[in-house]
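# Structure at a glance
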Amino acid sequence: MATAKPLYQRLSKNITAYPPEEAREMAFMLLDHYFGLRKTDVLTDKPLPPNRTEPDWFKILERLNRQEPIQHVIGTTIFCGLEFEVSPDVLIPRPETEDLVRLIMHDFADRTEDVPIVDIGTGSGCIAITLSRFLPQSVVTGWDVSEKALTLARHNSQNLNADVTFSIQDILQIPADFPGKFDCVVSNPPYVTRSEAADMNQNVLNYEPDLALFVEDNDPLVFYKAVADFCVRHLTKDGACYVEINERFGDDTRQVFADRGFTRIQVYKDIHGKDRSIRATF
């Protein structure tokens, strides 16, 4: 009877484009995705499912060794405990963004009335859908400039039984007569400068969308300025704005909000001690 551990060892040995520790984690992810075997199942060498359909391991290993993200290879990723489909049309959700979502859920957990929320640059819909699922009082809208991203976000929303309204909208071109008001404005906008690309991994540069990643060096805070300007007109008096940020521009991003009248601006660090998000209120 075939068991999990020999297959795990073969896969991790043949994922050669990454350090051994990362290769082992990828092998665990593959066995989980294709056979439903958790890490403890592999380590205790449980039998492989007898009625399994064996994937084409050669092609899978070939893609991984070209440094194609494993999330693209298996087609999904886990975000806040929910499984999202991903593609090269959207940014792969990151753990740092989970921290931003948890902060929002904590801040609005006790609200009993409706909480209008807009997620600017929704991508896969991970922020908008998670908030819709875990904040029952939320009324969530997701915006993006990419129709392909919105198609995937709508698909994720349907699969995860979320109630989110998705639409095309460019935060840099909000109509002057836009009427909406929101208690929560959240955004994980493009914030990597072009000059930083030289230090990035190929699995990001070659497989994730430039549109969602990069901003020009001559105006790296352009999206934060636009989000803050939007909040001046469309954030409710007791509302809050939440943004993920580039660690290099923590103080500068804080100043963007201060210049627009925000009186309480908190910068939060990620698990590596780097400036990673901002919460701003009036």
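An unreviewed UniProt entry annotates the protein as peptide chain release factor N(5)-glutamine methyltransferase of Spirosoma agri. The UniProt entry for the protein carries this comment under Catalytic activity (unreviewed entry): "L-glutaminyl-[peptide chain release factor] + S-adenosyl-L-methionine = N(5)-methyl-L-glutaminyl-[peptide chain release factor] + S-adenosyl-L-homocysteine + H(+)".

This brings us to the overall build of the protein. The number of helices and strands found in the protein is twelve helices and eleven strands. Relative to a compact globule of 282 residues, whose C-alpha radius of gyration would be 19 Å, the protein shows 21 Å and is just as compact. With respect to the three principal axes, the spread of C-alpha positions in the protein is 65 × 45 × 35 Å. Counting all 282 residues of the protein, 52% fall into the buried class. Restricting to contacts in the protein with at least 6 residues of sequence separation, those with at least 24 account for 64%. With the model as given, the accessible surface of the protein reaches about 14,000 Å², and the carbon-plus-sulfur share is 49%.

A separate point is the UniProt feature "domain: Methyltransferase small" (unreviewed entry) in the protein. In this numbering, the UniProt entry assigns the feature "domain: Methyltransferase small" (unreviewed entry) to residues 103-197. The straight-line gap between the two end C-alpha atoms of residues 103-197 is 29 Å; of that span, 29% is helix and 27% is strand.

According to UniProt, the positions carrying the feature "domain: Release factor glutamine methyltransferase N-terminal" (unreviewed entry) are residues 20-75. With 62% helix and 0% strand, residues 20-75 has its two end C-alpha atoms placed 23 Å apart.

This brings us to the nonpolar core. Counting residues in each nonpolar core, the largest one holds 35 residues, and the members touching the most others are Val185, Phe230, Phe257 and Phe262. For this core, the secondary structure elements donating two or more residues are β3 (115-120), β6 (182-187), β8 (214-215), α11 (222-234), β9 (235-244), α12 (250-258) and β11 (275-281). The element that contributes the greatest number of residues to this core is α11, accounting for seven residues. Dropping the residues within four chain positions of it, Val185 is found in contact with Val118, Ile120, Val227, Phe230, Cys231, Leu235, Ala240, Cys241 and Tyr242. With 29 residues, the next largest nonpolar core counts Ala128, Leu131, Leu160 and Tyr242 among its residues.

Now for the sheet that holds β11. One open sheet accounts for seven strands, arranged β5-β4-β3-β6-β9-β11-β10; its pairing is mixed. Since the sheet does not close on itself, it has two edges, and those belong to β5 (164-168) and β10 (264-269), each with one partner. Within this sheet the neighbouring strands show an average axis-to-axis angle of 15°, counted without direction. Where β6 meets β9, five bridges bridge the pair, whose relative direction is parallel.

A word on the side chain of Asn203. For Asn203, the position within the fold is in helix α9 (residues 202-205). The class of Asn203 is buried, set by a relative accessible area of 16%.

Turning our attention to α11. For α11, with 13 residues, the first-to-last C-alpha span of 18 Å sits near the 18 Å given by 1.5 Å per residue. Of the residues making up α11, those classed as buried are Phe223, Tyr224, Ala226, Val227, Ala228, Phe230, Cys231 and His234. Those residues of α11 hidden inside the fold are in contact with β3, β4 (138-144), β6, β8, β9 and α12.

Here we come to the pairing of strand β1 (residues 76-79). Relative to strand β2 (residues 82-85), β1 runs antiparallel, the two being bridged by four bridges. By the bridge assignment, Ile78 is partnered in β2 with Glu83.

Further remarks concern the packing of helix α6 (residues 95-108) against helix α7 (residues 126-134). At a closest axis distance of 10 Å, the pairing of α6 and α7 adopts a crossing angle of 35°. Relative to α7, α6 is oriented so that their crossing is right-handed. Contacts between α6 and α7 pair Thr97, Val101, Ile104 and Met105 from the former with Ile127, Thr130, Leu131 and Phe134 from the latter. For the contact of α6 with α7, a count of residues per class yields six nonpolar, two polar and no charged.

Each value, and the rule that gives it
- Residues numbered from 1 in each chain as written.
- Predicted model: local features only at pLDDT ≥ 70, side-chain atom pairs only at ≥ 80, totals over all residues.
- Heavy atoms only, no water.
- UniProt positions renumbered as here; feature names shortened; annotations may be inferred.
- Helix = DSSP H or I, 4+ residues; strand = E, 2+ residues; numbered from the N terminus.
- Rg over C-alpha atoms; globule rule 2.2 N^0.38 Å.
- Buried < 20%, exposed > 50% of the residue type's maximum accessible area, 1.4 Å probe, protein only.
- Contact = heavy atoms within 4.5 Å.
- Areas by Shrake-Rupley, 256 points an atom, 1.4 Å probe, with all protein chains shown as cover.
- Core = buried A, V, L, I, M, F, W, Y, C linked by side-chain atoms within 4.5 Å.
- Pairing = 2+ DSSP bridges.
- Axes fitted to C-alpha atoms, helices over the stretch in contact; angles between N-to-C directions.
- Expected span 1.5 Å × (residues − 1).
- Left-handed = near helix turned anticlockwise from the far one by under 90°.
- Nonpolar A, V, L, I, M, F, W, Y, C, P; charged D, E, K, R; others polar.

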